[in-house]
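Results of the structural survey
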Amino acid sequence: MGDPKAFLKIQRQEAGYRPIHERITDFGEVEQTLNTNDRRLQASRCMDCGIPFCHWACPVANKQPEWQDALYRGNWKEAYDVLSSTCDFPEFTGRICPAPCEKSCVLKLSSDEPVTIRENEAAIVEVAFREGYIKAIIPKRNGKKIAIIGAGPAGLTAANRLNHKGYQVTIFDKAEAPGGLLRYGIPNFKLNKNIIDRRMKILKEEGIIFEMGIEIDPQKLPAGFDGYCFCIGAETPRDLTIPGRELKGIHFALDILSQQNRILEGATFSKDKLINAKGKKVLVIGGGDTGSDCIGTSIRQGAESVTQIEIMPQPPVGHNDATPWPQWPLVLKTSTSHEEGCTRRWSLTSNQFIGKNGKVAGVEVEEVEWIPSTNGGRSTMKPTGKTEIIEADLVLLAMGFLKPEIPQFPQNVFLAGDFVSGPSLVVRAMADAKIMVSKVDAFFNK
Ligand SMILES: Cc1cc2nc3c(=O)[nH]c(=O)nc-3n(C[C@H](O)[C@H](O)[C@H](O)COP(=O)(O)OP(=O)(O)OC[C@H]3O[C@@H](n4cnc5c(N)ncnc54)[C@H](O)[C@@H]3O)c2cc1C
Ligand code: SF4
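In this report, the structure presented in the accompanying data block is examined. Keep in mind that this is a model prediction, so the values were computed, not measured. (Residues numbered from 1 in each chain as written. Chains lettered and ligands numbered in written order. Predicted model: local features only at pLDDT ≥ 70, side-chain atom pairs only at ≥ 80, totals over all residues. Heavy atoms only, no water.)

Focus on the overall build of the protein chain
- Broken down by element type, the protein chain carries 18 helices and 13 strands.
- Taken against the 2.2 N^0.38 rule, which gives 22 Å for 446 residues, the C-alpha radius of gyration of the protein chain at 23 Å falls within 12% of a compact globule.
- Summarising its shape, the C-alpha atoms of the protein chain cover approximately 65 × 60 × 50 Å along the three principal directions.
- The proportion of buried residues among the 446 residues of the protein chain is 48%.
- Sequence separation of 24 or more characterises 69% of the internal contacts of the protein chain that already satisfy a separation of 6 or more. (Helix = DSSP H or I, 4+ residues; strand = E, 2+ residues; numbered from the N terminus. Rg over C-alpha atoms; globule rule 2.2 N^0.38 Å. Buried < 20%, exposed > 50% of the residue type's maximum accessible area, 1.4 Å probe, protein only. Contact = heavy atoms within 4.5 Å.)

Quick word on the site of ligand 2
- Within the structure, ligand 2 sits among Cys58, Asn62, Gln64, Thr93, Cys97, Ala99, Pro100, Cys101, Ile117, Arg118, Glu121 and Val427.
- Taking a 2 Å distance to the grid points as the criterion, the majority of the atoms of ligand 2 fall inside the second largest cavity.
- The set of elements that each furnish at least two residues to the shell around ligand 2 consists of helix H8 (100–103) and helix H10 (117–130).
- In terms of residue class, the shell around ligand 2 is made up of seven nonpolar, three polar and two charged. (Near = heavy atom within 4 Å. 1 Å grid on protein atoms, 1.4 Å probe; cavity = no way out; pocket = protein on both sides within 12 Å on 5 of 7 lines; lining within 4 Å. Sits in = over half its atoms within 2 Å of the grid points. Nonpolar A, V, L, I, M, F, W, Y, C, P; charged D, E, K, R; others polar.)

Description of the sheet that holds strand S10 (residues 359–371)
- The antiparallel open sheet is built from three strands, whose spatial order is S9-S10-S11. Lying at the two open borders of the sheet, with one neighbouring strand each, are strand S9 (348–356) and strand S11 (380–391). Neighbour-to-neighbour, the strand axes of this sheet turn through a mean angle of 20°, independent of strand direction. (Pairing = 2+ DSSP bridges. Axes fitted to C-alpha atoms, helices over the stretch in contact; angles between N-to-C directions.)

Some details on the sheet that holds strand S1 (residues 145–149)
- Across the sheet, five strands lie side by side as S3-S2-S1-S4-S13; this open sheet has parallel pairing. Sheet topology places strand S3 (209–212) and strand S13 (413–415) at the edges, where each strand pairs with a single neighbour. Averaged over neighbouring strand pairs, the angle between their axes works out to 20° when direction is ignored.
- Note: strand S2 (residues 168–173) against S3, four bridges, orientation parallel. Bridge assignment links Thr170 to a residue of S3, and that residue is Ile209.
- The sheet contacts of helix H18 (residues 426–444) involve S1, strand S4 (227–230) and S13, and relative to S13 the element is tilted by about 160°.

Considerations on the site of ligand 1
- Around ligand 1 lies a shell of 32 residues, among which Ile96, Asp173, Ile216, Asp418 and Val426 are the nearest.
- Between ligand 1 and Pro153 there is a distance of 3.3 Å, counted from an oxygen atom to a backbone nitrogen or oxygen.
- Between ligand 1 and Val426 there is a distance of 2.9 Å, counted from an oxygen atom to a backbone nitrogen or oxygen.
- Alone, ligand 1 offers 1,000 Å² of accessible surface; in the complex the protein occludes 94% of this. (Polar contact = N/O pair within 3.5 Å; in protein donor to acceptor, adjacent residues only side chain to side chain. Areas by Shrake-Rupley, 256 points an atom, 1.4 Å probe, with all protein chains shown as cover.)

Laid out in structure tokens, this is it:
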């Protein structure tokens, strides 16, 4: 531990975001970076607690105190070596992880100023790329061939780890390029796609074979492999089957998000396929992160207005007694997209879509009350009869994804990521893939 008293002298300093008026004119990453000296000072705030709650809270079990110390001492190579021993792609998690580690940092409890763990992680990996610490290493082959189906964070983590263990890995994906939701879900303003390409180049140099644009039927496994890893995500969006659902102008969130990301990669779409918010009154149904990504995307496309509604009540601001430290706090989250300008409303259910000439013109919503359960179960929703119409000529459904049904697979098939857990987080998909890799390795080394 570099400076045992730094946390008393140095305050949390976030790198912050590009000014709103500037960032909404492009799809570039919104987050900024600190200079090297300030970054090291931030790392010095880590107290190297006897019980590292941050480590416990991190799904991939990063050893934060160790790499904070190396970073504080200016030993970036050591910091990267420790970080990459547990996290395969810190350039992804360092950008888009919601950082449960920071919520459980002891400095969060004592001063509400946790160590900037996520930002420090991103800084370490950026230096590692810049200084050439990340080099392709061609492993010694062990004679076994593995097919990985799905090139999202789970599949890529599995490919990386199995390849380093000597397996010859081929990764199949039905999309045109690897990344899964990193590439075709998460907007560029949170994660620029050159960050994925940079890593894919290394993985290819290390001998991983990428077969893109190939959809694998789980019942017809490709021949010639000793084992298979299915990491195909949770792709079925939750629908809103209320009257008027057939009207034009109602889309699933991922349709607009993936299309926008593809457009930024040079793809073109015919006018009848294009989903664009320019000049529209946008209504996002669903108050979660995907909904928030729809807000930022709609604003950048030039929406006239954006409203986000959520069926659940507004969470408490700042602190929630129901989820005390070191748990993940269920509190109001305001994303950079929210800050860019939108109206947010809670406790609203949607009764019907209102149409005009076959196109959506609004949604009839109704206020609901949530009655707490008396036996510790889930609260129940009670409609109040107070209805109103929210005008909208583009409605985006962001109500999550269904948990996939897993078919029966033979013994040499392994599973990880959202495909197993249902919709989750990048870091959880990566953590799950690490466990899967241990199972694969144990299977072939019985
Ligand atoms: C809009 C949006 C924003 C998000 N933002 C964040 C965020 O900021 N932070 C965060 O931590 N998490 C976020 N998430 C969640 C996160 O992206 C997922 O939890 C994570 O990507 C799951 O990884 P995965 O590898 O299991 O699946 P996926 O990323 O879904 O990858 C699955 C891959 O399998 C491929 N595939 C599917 N079926 C087949 C088939 N039959 N044959 C071949 N290939 C197939 C797909 O094309 C895809 O590439 C977000 C999710 C969405 C939808
Ligand atoms: S991966 Fe997420 S939880 Fe783990 S250290 Fe990084 S930001 Fe924290």
